[in-house]
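Reading the structure
Now for the letters of each chain:
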Number of protein chains: 2
Amino acid sequence: MAAGLTERNKLRTRREMAEAAGRLFLERGYDATTVQDIADAAAVSPRTFFRYFPCKEDVVTAIASASMDDAIDHLGEYDENKTLRSVLTTMLRAVLAPVGDNSTRARGFQFMLRETPALRGRWLEERRKSRDRLADALAPWFGDDVDPMASRLLAGTVLLVLDEVMSRWADDPSLADPLGLLDEALRVLGEPLIPAGGQ
Amino acid sequence: MAAGLTERNKLRTRREMAEAAGRLFLERGYDATTVQDIADAAAVSPRTFFRYFPCKEDVVTAIASASMDDAIDHLGEYDENKTLRSVLTTMLRAVLAPVGDNSTRARGFQFMLRETPALRGRWLEERRKSRDRLADALAPWFGDDVDPMASRLLAGTVLLVLDEVMSRWADDPSLADPLGLLDEALRVLGEPLIPAGGQ
DNA sequence: GTCAACTTGGCAGCTTCTGCCATGATGACA
DNA sequence: TGTCATCATGGCAGAAGCTGCCAAGTTGAC
């Protein structure tokens, strides 16, 4: 439990760097903040920064993807009493609810992602990993011996929904949190994306 | 029509750089190929390379996203006699058919994308632009005054399908082209991603 | 034939990121 | 408590991506 002094110091260093980076990014922008700036603010050397975060973009994704990882992990084991819709709703709400707690910061991050191509690429890349993990977690609902195409497509589309909801929320300052936008998006997933029709 | 010598020279230079880059990337890998290498192979200076391609990754996306752009552009105007399914099928076939013509190269690119995080991020970023354009092109099929959520989700999911199909094709050397995988994926889109069920 | 516009090359410089080694702190064991 | 292996850190040098600036050569219009 004590976990050792070294271990605690490393956690603290990591947290201080992430906080300093997040603050500086929001203050002056991602590109205008150098790793040197972050290192100075966290009282470490740039060399140490790169030991904790493989690249500059990873500070942002490490901060922002943590809640997503948690939500997918807590999706839990397959339970035949829970419908696919209910577990997905629960997961998405778990991810979206905290956004309202610090909406200024969350909006800031959202806009920063939009305006910084390098960051958005890295972000989409992270999202892709989430998609794979979500697809695995959802697979049991589709049966064991079925082709995994359906679960993979659903997982990907659910993350598209999340993306869409967050983006709209960021653009509409009158919305306190993005939860209200979720229901309509989930409704769309309950109908065929391609309406029935001729060949 | 003559278009001027300068203009033709620029096109030639651009093509030579793209070809040299593509060849070198496939030969020795993306990371192991420097911009200097590409510039040498195309007999230009590195400085000129960056005048044509804003960053190294853009050579790859410029090559690979051209057919996608064409396909979306040729999706054409709204025609109420064409079903959504038919225009999407036409578009996806237009993108996937040429893959079989040079399958070795296409597989090489696919694996390169997989193994190079920076490239994949940039690729996903490009895909995102395609999604926006596709969503705009599909919007008329959803009616004018409807919320654009449905068309945006469909566009995103169609590109997920493309991604999935290409990935599976690349992994299965027995497949000449990826067209055979398309039908099943499109079938999934014709049914609700979330099966009907309780709340 | 002349001149303006433009393309290219080279150079210096910044930033991200990595390998290497010395230094100092931590923690285990006697 | 003392000793020693381990490990986190810092500093340094350097590669690679990328940009601004200016000089030189080419193109194309009059």
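Provided above is the structure to which this section pertains.
About the cut-offs
Residues numbered from 1 in each chain as written. Chains lettered and ligands numbered in written order. Predicted model: local features only at pLDDT ≥ 70, side-chain atom pairs only at ≥ 80, totals over all residues. Heavy atoms only, no water. Helix = DSSP H or I, 4+ residues; strand = E, 2+ residues; numbered from the N terminus. Buried < 20%, exposed > 50% of the residue type's maximum accessible area, 1.4 Å probe, protein only. Near = heavy atom within 4 Å. Polar contact = N/O pair within 3.5 Å; in protein donor to acceptor, adjacent residues only side chain to side chain. Contact = heavy atoms within 4.5 Å. Buried area = accessible area lost by both parts, 1.4 Å probe. Salt bridge = Lys/Arg side-chain N within 4 Å of Asp/Glu carboxyl O. Nonpolar A, V, L, I, M, F, W, Y, C, P; charged D, E, K, R; others polar. Least-squares fit on C-alpha atoms with pLDDT ≥ 70 in both. Core = buried A, V, L, I, M, F, W, Y, C linked by side-chain atoms within 4.5 Å. Phe/Tyr/Trp six-rings, centres within 6.5 Å; stacked < 30°, edge-to-face > 60°. Lys NZ or Arg CZ within 6 Å of the ring centre and 35° of its normal. Arc of directions from axis to C-beta. Axes fitted to C-alpha atoms, helices over the stretch in contact; angles between N-to-C directions. Parallel < 35°, antiparallel > 145°, perpendicular 65-115°, else oblique. Left-handed = near helix turned anticlockwise from the far one by under 90°.

Tallying secondary structure elements over chain A gives 10 helices and zero strands in all. Listed N to C, the secondary structure of chain A is α-α-α-α-α-α-α-α-α-α in terms of helices and strands. Dimensions along the principal axes, computed over C-alpha positions, put chain A at roughly 60 × 40 × 30 Å. For chain A, the residues scored as buried account for 45% of the 199 residues in total.

This next bit is on the protein's contact with DNA strand C. Surrounding DNA strand C, one finds 20 residues, the nearest of these being Leu5(A), Thr6(A), Lys56(A), Thr48(B) and Arg51(B). Interatomic distance of 3.2 Å between a backbone N/O atom of Val35(A) and a phosphate oxygen of DNA strand C. One nitrogen or oxygen atom from the side chain of Lys10(B) is found 2.9 Å from a phosphate oxygen belonging to DNA strand C. Elements with a contribution of two residues or more to the surface near DNA strand C: helix 1 (5-28) and helix 3 (46-52) of chain A together with helix 1 (5-28) and helix 3 (46-52) of chain B. Of the residues forming the surface near DNA strand C, the biggest block, four residues, is contributed by helix 3 of chain B.

Counting residues at the interface gives 39 residues for chain A, matched by 39 residues for chain B. Across the interface of chain A and chain B, roughly 3,800 Å² is buried in total on both sides, 63% from carbon and sulfur atoms. Contact with chain B buries surface across chain A, with Met149(A), Leu193(A) and Ile194(A) losing the most and accounting together for 19% of the total. If you look at where chain A meets chain B, you find eight salt bridges. The tally of links between chain A and chain B comes to 11 residue pairs in polar contact (both at pLDDT 80 or more). Breaking the side of chain A that touches chain B down by element, the ones donating at least two residues are helix 6 (84-96), helix 8 (117-138), helix 9 (149-171) and helix 10 (182-189) of chain A. If one sorts the elements of the side of chain A that touches chain B by residue count, helix 9 of chain A sits on top with 12 residues. In terms of residue class, the side of chain A that touches chain B is built from 19 nonpolar, eight polar and 12 charged.

The next point concerns the relation of the copies chain A and chain B. Take chain A, turn it by 180 degrees, move it 0.0 Å along the axis, and it overlays chain B with an RMSD of 0.1 Å. Here the symmetry operator amounts to a two-fold rotation axis. Residue by residue, 100% of the interface of chain A is reproduced at the interface of chain B, so both copies engage with the same surface.

On to the protein's contact with DNA strand D, then. Every one of the 20 residues lining DNA strand D counts as a neighbour, but Thr48(A), Arg51(A), Leu5(B), Thr6(B) and Lys56(B) are closest to it. The contact atoms of DNA strand D, taken as those within 4 Å of the protein, divide so that sugar and phosphate hold 60%. The set of elements that each furnish at least two residues to the surface near DNA strand D consists of helix 1 and helix 3 of chain A together with helix 1 and helix 3 of chain B. Here the surface near DNA strand D takes four residues from helix 3 of chain A, the largest share from any one element. Broken down by class, the residue content of the surface near DNA strand D amounts to seven nonpolar, eight polar and five charged.

Core analysis: the largest hydrophobic core is formed by 82 residues, its most contacted members being Leu84(A), Leu134(A), Leu154(A), Leu84(B), Leu134(B) and Leu154(B). Among all residues touching Leu134(B), those that are not within four sequence positions of it are Ile72(B), Leu75(B), Met91(B), Ala155(B), Val158(B) and Leu159(B).

A ring pair, where both rings are aromatic, is described by two values, the distance of the centres and the angle of the planes. A full pass over the atoms with the stated rule returns eight aromatic pairs over all chains. Ring centres 5.5 Å apart and planes at 35 degrees place the aromatic pair Phe49(B) and Phe53(B) in the tilted group. Looking at Phe49(B), the relative accessible area reads 0%, which means it is buried. Judged by its relative accessible area of 2%, Phe53(B) falls in the buried class. Taking 4.8 Å as the distance between ring centres and 85 degrees as the angle between the ring planes, the aromatic pair formed by Tyr78(B) and Trp141(B) counts as edge-to-face. In this pair, Tyr78(B) sits in the loop between helix 5 (66-73) and helix 6 (84-101) while Trp141(B) sits in the loop between helix 8 (117-138) and helix 9 (149-171), placing the two residues 63 residues apart along the sequence. Taken together through their ring pairs, the aromatic side chains of Phe49(A), Phe50(A) and Phe53(A) make up a single cluster. The cationic tip of Lys56(A) hangs over the ring face of Tyr30(A); the distance from NZ or CZ to the ring centre is 4.3 Å. For Arg107(B), the ring lying beneath its charged end belongs to Trp169(B), and the centroid distance is 4.1 Å.

Counted by the stated rule, this structure contains 32 salt bridges over all chains. A salt bridge links Arg28(A) to Asp37(A), with the shortest nitrogen-to-oxygen separation between them at 3.2 Å. Here Asp37(A) falls in the partly exposed class, since its relative accessible area comes to 22%. A cluster of three or more residues bridged by salt bridges with shared partners is formed by Arg131(A), Asp132(A), Arg152(A), Glu164(B) and Arg168(B).

Taken together, the buried positions of helix 10 (residues 182-189) of chain B are occupied by Leu182(B), Ala185(B), Leu186(B), Val188(B) and Leu189(B). Buried residues along helix 10 of chain B cover an arc of 150 degrees about the axis, so they all sit on one side. In this structure, the buried residues of helix 10 of chain B make contact with helix 9 of chain A together with helix 6 and helix 9 of chain B.

Attention now goes to the packing of helix 5 of chain B against helix 6 of chain B. Axis angle and axis distance: for two packed helices, these are the angle between their axes and the distance between the axes, and together they describe the pair. Residue and element names in this part refer to chain B. Interaxial distance between helix 5 and helix 6 falls to 9 Å at its minimum, and their mutual angle equals 155 degrees. Relative to helix 6, the element helix 5 lies roughly antiparallel. As helix 5 packs across helix 6, the resulting crossing turns out to be right-handed. Every residue of helix 6 that contacts helix 5 at Ser67, Met68, Ala71 and Ile72 is listed here: Met91, Ala94 and Val95. Considered class by class, the residues forming the contact of helix 5 with helix 6 number six nonpolar, one polar and no charged.

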